[in-house]
Amino acid sequence: MKRAWLMPALGALAVLLVACGRAGVGPTPTAAPTAGEQASPALSDEQFLAAMIEHHQGAIEMAKIALERAEHPEVRQLSEDIIATQQAEIEQMRSWQREWFGAEATPGGHAGHGMSAEEMGMDVDLDELRRAEPFDRAFLEAMIRHHEGAVRMAEQIRSSTERRELRELADDIIATQRAEIEQMRAWLAGWYGQ
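Computed from a predicted structure; not experimentally measured.

This next bit is on the overall build of the protein chain. Counting its regular elements, the protein chain contains seven helices and zero strands. Counting from the amino terminus, helix and strand elements in the protein chain follow one another as α-α-α-α-α-α-α. Here the protein chain, with 194 residues, has 34% of them falling under the buried criterion. For the protein chain, restricting intrachain contacts to residue pairs at least 6 apart in sequence, the fraction spanning at least 24 positions comes to 80%.

As structure tokens, this is what we get:
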């Protein structure tokens, strides 16, 4: 009589083991990173603002070089547009930093958050860009990579933020920079056969 509880307990344990064994059968909803990969952590709103400000400043520096060196008027116009748009976005993001977090973050070291400087398009050597020949080709190739990095960051924050303002900014960045990427690719194809 003392062992009467044992059989139901063993039966329940068997059911549990079968259920656990079946949990691994079939496709998993999300794949874990392999040994060489790392999952990209979600950007916090504060990290995003600091990283995107730094990223935009890099694009402005590149565009200023293009104002001096561009061979095509289209590239000079694009550079003026980049400077105007991204400077206005920087001012807005700095305002949000002060309002939401009490101070502007210091620049440096914010780019990436799971992505390398190369993936972010922030590995451009500005001195090398100044000397590049043909300049417009080097500039367009570098700016495309840079814009692709901004789009990736904007997509990350778009899916993680609770702030409507940041979702709207992300949508603007994605739309504007994707359109500019397509235009730059068309120029590369037309001018350099790429």
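That shown, we press on.
Turning to the pattern of salt bridges, a few remarks are in order. All chains considered together, the criterion is met by eleven salt bridges. Here Arg185 and Glu148 are joined by a salt bridge, their closest N and O atoms 2.5 Å apart. Of the two residues, Arg185 sits in helix H7 (residues 164-192) while Glu148 sits in helix H6 (residues 135-160), which places them 37 residues apart along the sequence. On the basis of relative accessible area, Arg185 is assigned to the partly exposed category, the value being 36%. Judged by its relative accessible area of 23%, Glu148 is partly exposed. One salt bridge connects Glu182 with Arg185, and the closest N-O pair in it is separated by 3.4 Å. Here Glu182 and its partner Arg185 are both found in helix H7, three residues apart, which amounts to about one turn of the helix. Taking the relative accessible area as the measure of exposure, Glu182 reaches 48% and is therefore partly exposed.

This part takes up the environment of Gln92. With respect to the secondary-structure elements, Gln92 resides in helix H3 (residues 73-101). Residues Gln92 and Ile53, 39 residues apart in the sequence, show an inter-C-alpha distance of 9.8 Å.

Taken N-terminus to C-terminus, the directions of helix H2 (residues 45-69) and H7 make an angle of 30 degrees; their axes are 12 Å apart at the nearest point. In terms of orientation, H2 and H7 fall into the roughly parallel class. Crossing handedness for the pair H2 and H7: left-handed. On the side of H2, the interface is formed by Asp45, Phe48, Leu49, Met52 and His56, while H7 contributes Leu166, Leu169, Ile173 and Gln177. Its residues assigned to classes, the contact of H2 with H7 comprises six nonpolar, two polar and one charged.

What counts, and at which threshold
- Residues numbered from 1 in each chain as written.
- Predicted model: local features only at pLDDT ≥ 70, side-chain atom pairs only at ≥ 80, totals over all residues.
- Heavy atoms only, no water.
- Helix = DSSP H or I, 4+ residues; strand = E, 2+ residues; numbered from the N terminus.
- Buried < 20%, exposed > 50% of the residue type's maximum accessible area, 1.4 Å probe, protein only.
- Contact = heavy atoms within 4.5 Å.
- Salt bridge = Lys/Arg side-chain N within 4 Å of Asp/Glu carboxyl O.
- Axes fitted to C-alpha atoms, helices over the stretch in contact; angles between N-to-C directions.
- Parallel < 35°, antiparallel > 145°, perpendicular 65-115°, else oblique.
- Left-handed = near helix turned anticlockwise from the far one by under 90°.
- Nonpolar A, V, L, I, M, F, W, Y, C, P; charged D, E, K, R; others polar.

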